[in-house]
Amino acid sequence: SLFSQVFIARHFGVGHELDRYFGVLGTALGVMGALSVATNYVLPPELVRALARNDVELARNAAAEHGARIMAWIIALASTGAIFMIVAAHLGARPAGAPDAGMIIFGWLIAAASACAGMFGAISTAYRRVALPLVTSALPPAALSISLVISPDVDAARMLLAMLLGTSVQCLVLALS
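To start, this report covers the structure provided alongside it. (Residues numbered from 1 in each chain as written. Predicted model: local features only at pLDDT ≥ 70, side-chain atom pairs only at ≥ 80, totals over all residues. Heavy atoms only, no water.)

**Structural notes on the nonpolar core**
Using the following cut-off: Only buried residues count toward a nonpolar core, which is a set of Ala, Val, Leu, Ile, Met, Phe, Trp, Tyr and Cys residues joined through side-chain atoms within 4.5 Å. Burial here depends on accessible area, computed with a 1.4 Å probe over protein chains only, as a share of the maximum for the residue type. Under 20% is buried, over 50% is exposed, and the range in between is partly exposed. Per the convention used, a helix needs a DSSP run of H or I reaching at least four residues, while a strand needs a run of E reaching at least two, with both numbered from the N terminus. Every residue pair with non-hydrogen atoms within 4.5 Å of one another is taken to be in contact.
Counting 40 residues, the largest nonpolar core has Tyr21, Met32, Leu47, Ile74, Trp108, Leu144 and Leu160 as the members making the most contacts within it. Top contributing element to this core by residue count: helix H4 (residues 101-126), with 12 residues. Other than its neighbours up to four places away in sequence, Met32 contacts Ile74, Leu77, Ala78, Trp108, Ala111, Ala112 and Ala115.

Written out as structure tokens, the structure reads:
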């Protein structure tokens, strides 16, 4: 969210830690964002049509079938993206402040959890439960903000860990709803 980005920029100012954080997340979230948009156009209409016919079993089967395919795409894209970025980062001379393999993996895990939350949010919305996806979208920036308040000397890796925690909780809450 814009609030968390302003909060992070204010906390760090301009420098390597901020560049590392946004460098890792920018690519991963961009790729997974495209998948999430596609998910929102494919999954809900089929569920809504089944629910309009009061065919709960068809809706459940469609969610499971499409959800499994979407999860396969999420895993494939996150794995490929992480491997590509790790290899690319180690091919040449690494500039100071370049993200390491662990940070890259965290970034892609965050993006995968975010895409997963998007998929479960789309399913929730198809069932006309729109408040939960909206409320849970505050969890990742809240986890990040809390980590910055608790530990003023937090670095990019810890910020990524906080985002991963918040995004994973968001995905889990939506999956269990």
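**Comments concerning a nonpolar patch on the surface**
Using the following cut-off: Patch membership requires more than 30% relative accessible area and the absence of a salt bridge. Residues of like charge join within 9 Å; the nonpolar side chains Val, Leu, Ile, Met, Phe, Trp and Tyr join within 5 Å. Areas reported here follow the Shrake-Rupley algorithm with a probe of radius 1.4 Å; residue values treat only the protein chains shown as occluding. Criterion for a salt bridge: a side-chain nitrogen of Lys or Arg within 4 Å of a carboxyl oxygen of Asp or Glu.
A grouping of Leu139, Leu165, Val169 and Val173 is seen on the molecular surface, where their side chains present a nonpolar patch of about 290 Å² in accessible area. With 3 residues, helix H7 (residues 156-176) is the largest single contributor of residues to the nonpolar patch.

**Quick notes on helix H3 (residues 56-91)**
Test applied: To estimate the expected span of a helix, count its residues, drop one, and scale the result by 1.5 Å.
In this model, H3 (36 residues) spans 52 Å end to end at C-alpha, consistent with the 52 Å of a helix rising 1.5 Å per residue. Turning to H3, its buried residues number three or more, namely Ala59, Ala62, Ala63, His66, Gly67, Ile70, Ile74, Ala78, Gly81, Ala82 and Met85.

**Looking at the state of the cysteines**
Short version of the rule: Two cysteine sulfurs form what is called a disulfide whenever their separation falls within 2.5 Å.
One pass over the structure, following the stated rule, counts 1 disulfide. The disulfide partner of Cys116 is Cys171, and the S-S distance across this bridge is 2.5 Å. With a gap of 55 residues between them, Cys116 in helix H4 and Cys171 in helix H7 connect regions that are remote in the sequence. Residue Cys171 is classed as buried on the basis of its relative accessible area, which comes to 10%.

**A closer look at the pattern of salt bridges**
Tallying each qualifying case throughout the model produces 2 salt bridges. With a shortest N-O distance of 3.2 Å, Glu57 and Arg60 are connected by a salt bridge. With Glu57 and Arg60 both in helix H3, this residue pair falls 3 residues apart, about one helical turn. Residue classification places Arg60 among the partly exposed residues on the basis of a relative accessible area of 47%. Taking the shortest distance from any N to any O, the salt bridge between Glu65 and Arg69 comes out at 2.4 Å. In this pair, Glu65 and Arg69 are both assigned in helix H3, 4 residues apart and thus about one turn of the helix distant.

Just distances and angles here, no functional claims.
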